[in-house]
Amino acid sequence: MSTITDAVSAATALTGGATLCDDALLLSPGECTLRLRSNSAALIDDLRRYFAHVVAPSGDKEPELDLVAIESSPPDPGVEFIDWKREPGKTGRKDAYHDLEDGRLVWKVRTGMVFLQSETHRIAAGPCLKYDNQVINFINAQYMNWLQHRDWLICHASGLVVRGSTLGIAGFSGGGKSTLMLRLLDHDQVSYLTNDRLFIRPNANGVDAIGIPKLPRVNPGTIVHNPKLHGLISREERDTLLALPRGELWDLEDKYDVDVAQVYGPGQITPQAPLSAFLVLNWHRDLNEPPRLERVDPNTRRDLLGAIMKSPGPFYQYPDGSFRRDTTPLDEQAYLRMLGNVPVYEILGGVDFEAIVADCLAFAETGTRER
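Residues numbered from 1 in each chain as written. Predicted model: local features only at pLDDT ≥ 70, side-chain atom pairs only at ≥ 80, totals over all residues. Heavy atoms only, no water.

It is worth spelling out unusual backbone geometry at this point. Unlike most non-glycine residues, Asp151 shows phi in positive territory, near 75°. Overall, the relative accessible area of 58% leaves Asp151 in the exposed class. Unlike most non-glycine residues, Arg163 shows phi in positive territory, near 50°. Following the sequence through the fold, Arg163 ends up in the loop between strand 10 (157-162) and strand 11 (165-171). (Buried < 20%, exposed > 50% of the residue type's maximum accessible area, 1.4 Å probe, protein only. Helix = DSSP H or I, 4+ residues; strand = E, 2+ residues; numbered from the N terminus.)

Below you can see the structure in the form of structure tokens.
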């Protein structure tokens, strides 16, 4: 029987007496400050480069959230994990969890990484350098919890800022959301807000949008057709990918990070801006017709609402310390109330990124009137 029953015993097991580096990483996304400590200086250096646009000066302020990342072999806490139910359309095992008296352990099945989530301890343990993206996600999970505790609503959407206002871009899995976002970023009047997690909250005049410090992650099909991204792979890899059938290339999953500042230039990241509209990609690559924008009412199009809503996932801890369950339904009414103040448009027809980029830019220039 495992001796791990609470957050303290779990923290002791995961840290294993590791010595933490003197250096720490301090991040300030929005109004929240997080501090990450680790036994790996290399990991801290890697994460400092990744989070460069939100790194805060050391000692600038006392952090709201403290995190620890322990570089080690995959830990074995000796507890029984339960698979976290995946979202519709997703297959295979990914996350599993074990609830403690005052916390939760989350095991990443494919990598062996283990995370402790509690009010007093937030620890990532395992091959952190090899799977640094999971450490990045864990850091962002803490910020997302912080936002949701302050009434921000999570959306499964990208966010781009066009002349001071945010366009939220949602879509079903494999719909081309990231490709469209990066095509729009090619234009000087467009800046990056967030890739896959957009948070919204009402204000006195409408709705605000805020992003998380997570770089866009794209598949090869996006890279090979965007000249600004060609540097992410070799010329030989690109030629091999272009030789694939179009459908096979579209469905290929192999994520690459896009450094927005490096690819699109400094100052191209906006942390927060008013939300002007939501676009929902519902086009089809097999249709031989031009794409078009049509305004919809989410109250009568709950199928599209499903593309916007997002579960907070296994790391979400409520303000009272309890944890979200994978059986907890999403609050459709909360989204409908929020979207009642924001026009929602469906993108229909066939897939044509060039045509819809022009349409989206024209739409952003003219405000929220229908096209």
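To continue, consider the packing of aromatic side chains. Aromatic rings in a pair are described by how distant their centres are and how their planes are angled relative to each other. If you walk through the whole model with that rule in mind, you get 9 aromatic pairs. Ring plane angle 75° and centroid distance 5.0 Å describe the contact between Tyr50 and Phe51, whose orientation is recorded as edge-to-face. One exposure class covers both Tyr50 and Phe51, and it is buried. These aromatic residues form a ring-pair network of at least three members: Phe115, Phe138 and Phe315. (Phe/Tyr/Trp six-rings, centres within 6.5 Å; stacked < 30°, edge-to-face > 60°.)

Bringing the environment of Arg235 into the picture now. Along the chain, Arg235 falls in helix 6 (residues 235-242). Take Arg235: its relative accessible area is 56%, and that puts it in the exposed class. Separated by 197 residues in sequence, Arg235 and Ser38 have C-alpha atoms that sit 37 Å apart.

Quick look at the pairing of strand 8 (residues 122-126) now. Burial runs high along strand 8: 5 of the 5 residues are buried. Of the two faces of strand 8, the one holding Arg122, Ala124 and Gly126 and the one holding Ile123 and Ala125 are both buried throughout. Judged from the 4 bridges that link them, strand 3 (residues 65-71) and strand 8 form a sheet pairing that is parallel. Residue pairing across strands places Glu71 opposite Gly126, the latter belonging to strand 8. Here 4 bridges tie strand 7 (residues 114-118) to strand 8, and the two strands are oriented antiparallel to one another. Residue pairing for strand 8: Phe115 is matched across the bridge by Ala124. (Pairing = 2+ DSSP bridges.)

This part is about the sheet that holds strand 7. The strands making up a sheet associate through hydrogen bonds between their backbones, and the pairing can be parallel or antiparallel. The strand order 1-2-3-8-7-6-5-4 describes an open sheet built from 8 strands, whose pairing is mixed. Each having just a single partner strand, strand 1 (25-27) and strand 4 (82-83) make up the two edges of the open sheet.

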